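Structural features, examined
Given next are the chains, with one letter for each unit.
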Amino acid sequence: QAKQSGRGAACFFDRDLDRVIRERRKIERDLERAVSHDELRLVYQPIVSTVDRRVTGYEALLRWQHSPHGFVPPDKFIPIAEETGSIIRIGEWALRTACTEASCWPDELQIAVNVSPIQIESRDFTETVEGVLAATGLTPSRLELEVTESVMLRHSASALATLQRLKDRGIRIVMDDFGTGYSSLSNLQAFPFDKIKIDRRFIGAMEQDEAALSVVRAVVGLGTSLRLPIVAEGVETEAQYAFIMREGCAEAQGFLFGAPSTAIQVQPRLRLIGA
Ligand code: C2E
Ligand code: MG
Ligand code: MG
Ligand code: MG
């Protein structure tokens, strides 16, 4: 009897695994075509200064409207695109689209674009970025490239050289989701960062959780000693905002100031700001 049910469980497992593998293959194939099938969109989320709550810029975030499946969140498809290499094409599309969009915004607004370590390690990444800036006419200092801690843990020598070259061109390099990886402080100092973003999990937890609060304080302290401004991600309440202001974060981003929205929704507000 036990043997029978055991065999049944194994069959279910095989069938599930088979389905998971088939779904994954389909996502891999469909991702390859997402750019040419016009299924990708960017949404833009405001980042504000804690000095006066004014919008300093927007972060571009990818959205994939897969037909017939519908919306697929970036946390699901970006890791797959990184494994198959399609992140190179998708990332270039995102960079080009975001810079084109931002070149129509008022000059004081920054545009932050997320880039994968796979892109940074690809041989012609610097040329790609320079090409996009030349084509769109965007001033390099208006572009911020957001990279996660994993970039420091991988083949750091080439990534470091690429980031340094981009920084020398005037582009700003932002450490994204800080606190979630395992980077060392010496790594952080070796890389040419202009800004550090504290991951939203710490902002969300800091009011209830002493440990999260300690992380927020430690990161702000680190930013002060390295002379790097700190951005708080995922600020959802006035209480959180008051708190991170008091702690010394220079900028904030989160649903309190606005959810990511399409450029069409962003533009009318920008005209008001510009007026
Ligand atoms: P991220 O770069 O850390 O982006 C911030 C994420 O937090 C976004 O999720 C945003 O929608 C979400 N968020 C912003 N404010 C709040 C808030 O107040 N509360 C909560 N709960 N969430 C908030 P999203 O858009 O789902 O993106 C997830 C991740 O996918 C991004 O994290 C980034 O790592 C990656 N990603 C998105 N677009 C791109 C891209 O163009 N290229 C690459 N390589 N990665 C991207
Ligand atoms: Mg980001
Ligand atoms: Mg982030
Ligand atoms: Mg994050």
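The name an unreviewed UniProt entry gives the protein is EAL domain-containing protein, with Sphingomonas suaedae as the organism.

The environment of ligand 1 is formed by 23 residues, the closest being Arg 63, Asp 177, Arg 200, Glu 236 and Phe 255. Measuring from an oxygen atom of ligand 1, one finds a side-chain N or O atom of Asn 114 at 2.9 Å. Asp 177 has a polar side-chain atom sitting 2.9 Å from an oxygen atom of ligand 1. In isolation ligand 1 exposes 810 Å². Once the protein is present, 86% of that is buried. Looking at the shell around ligand 1, the elements that each hand over two or more residues are strand E2 (55-66), helix H2 (74-84) and strand E6 (172-178). The residue inventory of the shell around ligand 1, partitioned by class, reads nine nonpolar, five polar and nine charged.

Moving on, we come to the environment of Glu 144. Mapping Glu 144 onto the fold places it in strand E5 (residues 143-148). In this structure, the C-alpha to C-alpha distance between Glu 144 and Arg 96, residues 48 residues apart in sequence, is 13 Å. The residues contacting Glu 144, other than those within four sequence positions of it, are Gln 110, Ile 111, Ala 112, Val 113, Arg 172, Val 174 and Lys 195. Of note is the side chain of Glu 144, whose polar atom sits 2.8 Å from the side chain of Lys 195.

Coordination of the magnesium ion (ligand 3) by the protein comes from Asp 176 (OD), Asp 177 (OD) and Glu 233 (OE), over a distance range of 1.5 to 2.4 Å. Site description for the magnesium ion (ligand 3): donor spacing in sequence, D-D-x55-E. Between the magnesium ion (ligand 3) and the magnesium ion (ligand 2), a spacing of 3.6 Å is present, and a bridge between the two is formed by Asp 176. Highlighted residues: Asp 177 in strand E6 and Glu 233 in the loop between strand E8 (230-232) and helix H11 (238-247), separated in sequence by 56 residues. Classification of Glu 233 by relative accessible area gives buried; the value is 10%.

What follows is about H2. For H2, the set of buried residues is Phe 77, Ile 80 and Ala 81. Buried residues in H2, looked at end-on, bunch into an arc of 100°, giving them a common side. With respect to the buried face of H2, the exposed residues turned more than 90 degrees away are Asp 75 and Glu 83. After H2 finishes, the residue Gly 85 shows a positive phi value of roughly 95°.

Moving on: the coordination of the magnesium ion (ligand 2). Six octahedral donors around a metal ideally sit at 90 or 180 degrees from one another, while four tetrahedral donors ideally sit at 109.5 degrees. Within the protein, the atoms that donate to the magnesium ion (ligand 2) are Glu 59 (OE), Asn 114 (OD1), Glu 146 (OE) and Asp 176 (OD), at distances of 2.0 to 2.2 Å. If you list the donors of the magnesium ion (ligand 2) from N- to C-terminus, the spacing comes out as E-x54-N-x31-E-x29-D. We classify Glu 146 as buried; its relative accessible area is 1%.

Turning to helix H3 (residues 87-102), a few remarks are in order. Between the first and last C-alpha of H3 there are 22 Å, a value that for 16 residues agrees with the 22 Å anticipated at 1.5 Å per step. Burial in H3 covers these residues: Ile 87, Ile 90, Gly 91, Ala 94, Leu 95, Ala 98, Cys 99, Glu 101 and Ala 102. When H3 is viewed along its axis, its buried side chains cluster within an angular range of 160° and face the same direction.

About the cut-offs
In this numbering scheme, every chain counts its residues from 1 along its sequence in written order. Following the order in which they are written, the chains are lettered starting with A and the ligands numbered starting with 1. Predicted model: local features are reported for residues with pLDDT of at least 70 only, side-chain atom pairs are reported and counted for 80 or more only, and whole-chain, interface and lining totals are derived from all residues. Side-chain figures throughout are based on the complete set of non-hydrogen atoms in the structure, without hydrogens or water. The nearness test applies per residue and asks whether one of its heavy atoms lies within 4 Å of the molecule or strand. N or O atoms within 3.5 Å of each other form a polar contact, as long as, within protein, one can give a hydrogen and the other can take it, and as long as residues adjacent in sequence are counted only when both atoms are side-chain atoms. Accessible surface is estimated by sampling points in the Shrake-Rupley manner with a 1.4 Å probe; for residues, cover comes only from the protein chains shown. Comment: elements are numbered from the N terminus, with helices defined as DSSP H or I runs of at least four residues and strands as E runs of at least two. The residue classification treats Ala, Val, Leu, Ile, Met, Phe, Trp, Tyr, Cys and Pro as nonpolar and Asp, Glu, Lys and Arg as charged. All others, Gly included, are polar. When checking whether two residues touch, look at their non-hydrogen atoms; a contact exists if any pair is within 4.5 Å. For Na, K and Ca the donor cutoff is 3.2 Å, while for all other metals N, O and S atoms must lie within 2.8 Å; water is not among the atoms, so some sites may look incomplete. Buried means the residue's accessible area, taken with a 1.4 Å probe over protein chains only, is under 20% of the maximum for its type, while exposed means over 50%, and partly exposed covers the values in between. Directions pointing from the helix axis toward each C-beta atom define the arc. Expected helix span is computed as 1.5 Å times (number of residues minus one).

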